[in-house]
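# Descriptive structure summary
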Amino acid sequence: MSMLCKRLALAADLIKPGESVADIGADHARLAIYLAEHKIASRVIIGELSDGPFACACRAVQESALADKISLRQGNGLQVLDSGEVNNVIIAGLGGDTIVEILAYDGDKAASFQRFIFQPMSKARALRQWLANRGWVIEDERLVRENRRVYLVIVSRPGNCPYVLTDLEIDIGPLILKEDNEINRGFIQRYLQKYKHIYVDLMRSPLPKNSELAHDYRKKIVRLEEILGVSQD
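The following paragraphs examine the structure supplied in this document. Keep in mind the model is a prediction, meaning the values are calculated, not measured. (Residues numbered from 1 in each chain as written. Predicted model: local features only at pLDDT ≥ 70, side-chain atom pairs only at ≥ 80, totals over all residues. Heavy atoms only, no water.)

Let us look at the overall build of the chain. If you tally the helices and strands in the chain, you get 10 helices and 7 strands. Reported as C-alpha extents along the three principal axes, the dimensions of the chain are approximately 65 × 35 × 30 Å. Counting across all 233 residues of the chain, residues that qualify as buried make up 49%. By sequence separation, contacts in the chain at least 24 residues apart represent 69% of the contacts at least 6 residues apart. Approximately 12,000 Å² of the chain is accessible, and the part contributed by carbon and sulfur atoms is 49%. Positive and negative charge centroids in the chain, built from 31 and 31 side chains respectively, lie 3 Å apart. (Helix = DSSP H or I, 4+ residues; strand = E, 2+ residues; numbered from the N terminus. Buried < 20%, exposed > 50% of the residue type's maximum accessible area, 1.4 Å probe, protein only. Contact = heavy atoms within 4.5 Å. Areas by Shrake-Rupley, 256 points an atom, 1.4 Å probe, with all protein chains shown as cover. Lys, Arg positive; Asp, Glu negative; His and termini not counted. Charge placed at Lys NZ, Arg CZ, Asp CG, Glu CD.)

Structure, rendered in structure tokens:
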């Protein structure tokens, strides 16, 4: 049976058994093959835009003997899907800003799917801000460590009641800030050190606007120290 890297295995673990899945930007089709092979998903649709990755995904599916379980479609983002065609949409391995572009291209179609699993490689802030502005609920946020790097997975359900996230929640994640575990504490600690460096640089600046920014960063630092202090009690 096929194996997955930790970041994709986490995405697979978040799929409810028996539901349908679309993997957008599937590349080598490893996740789709795993979901079909382990009978986690009732059916899987792969969407891939570029010729090379699409050909690679086709080849991988054909070699896996799961061609009857996986549908391959070439196209851009959610355009390969009909509205409400699957329960779950996975978008992994792209930047948060690119994920936002995919979702925003056809917001009504995006909202027709029950659940999204995002694995942004960068710019998660942009994705969280878009979700809050659209009123999409962040149901889960998890981190996984692989090859000295920490990867983030966000689970969201479309909604229509916009809400406000604090700067800390946009940067780090509202649920990561709340859940006390080792990997979350380490993640928060790195942001704390980053904020402290920025704070020092701002305090050295003679510009009045930077003094105001420094005050904002000081508040973030104090809040994170409170969170980590509670976590370490």
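Right, let's talk about the packing of helix 4 (residues 96-105) against helix 6 (residues 124-134) for a bit. Following both chains from N to C, one finds helix 4 and helix 6 inclined at 30°, their axes separated by 6 Å at the closest point. Relative to helix 6, the element helix 4 is oriented roughly parallel. Where helix 4 abuts helix 6, its residues G96, D97, I99, V100, L103 and A104 lie against A126, L127 and W130. (Axes fitted to C-alpha atoms, helices over the stretch in contact; angles between N-to-C directions. Parallel < 35°, antiparallel > 145°, perpendicular 65-115°, else oblique.)

Turning our attention to the environment of A132. Topologically, A132 is positioned in helix 6. A C-alpha to C-alpha distance of 21 Å links A132 and R223, two positions 91 residues apart in sequence. Residue contacts for A132: discarding those within four places in its chain leaves P162, Y163 and L165.

Time to look at the pairing of strand 5 (residues 115-120). Judged by how many residues are buried, strand 5 sits mostly within the fold: 6 of 6 residues are covered. By the alternation rule, side chains of strand 5 split into R115, I117 and Q119 and F116, F118 and P120, which are all buried. Sheet analysis places strand 5 next to strand 7 (residues 149-157), joined by 3 bridges and oriented antiparallel. Its bridge partner being in strand 7, I117 is matched across the sheet by V155. (Pairing = 2+ DSSP bridges.)

With phi around 55°, K39 is a residue other than glycine that occupies positive phi space. Residue placement: K39 occurs in the loop between helix 2 (30-37) and strand 2 (41-48). Classification of K39 by relative accessible area gives exposed; the value is 72%. Unusually for a residue other than glycine, K123 sits at a positive phi of about 50°.

Sheets are built from strands paired through backbone hydrogen bonds, the pairs being either parallel or antiparallel. With mixed pairing, the 7 strands of this open sheet are ordered in space as 3-2-1-4-5-7-6. With partners counted over all chains shown, the strands left at the sheet margins are strand 3 (70-74) and strand 6 (137-146), one partner each. Neighbour-to-neighbour, the strand axes of the sheet open up by a mean angle of 20°, direction not taken into account. With 4 bridges joining them, strand 1 (residues 19-24) and strand 4 (residues 88-94) adopt parallel strand pairing. By the bridge assignment for strand 4, D23 is matched with I90. Relative to the sheet, helix 1 (residues 6-13) contacts strand 4, strand 5, strand 6 and strand 7, its axis offset from that of strand 6 by approximately 150°.

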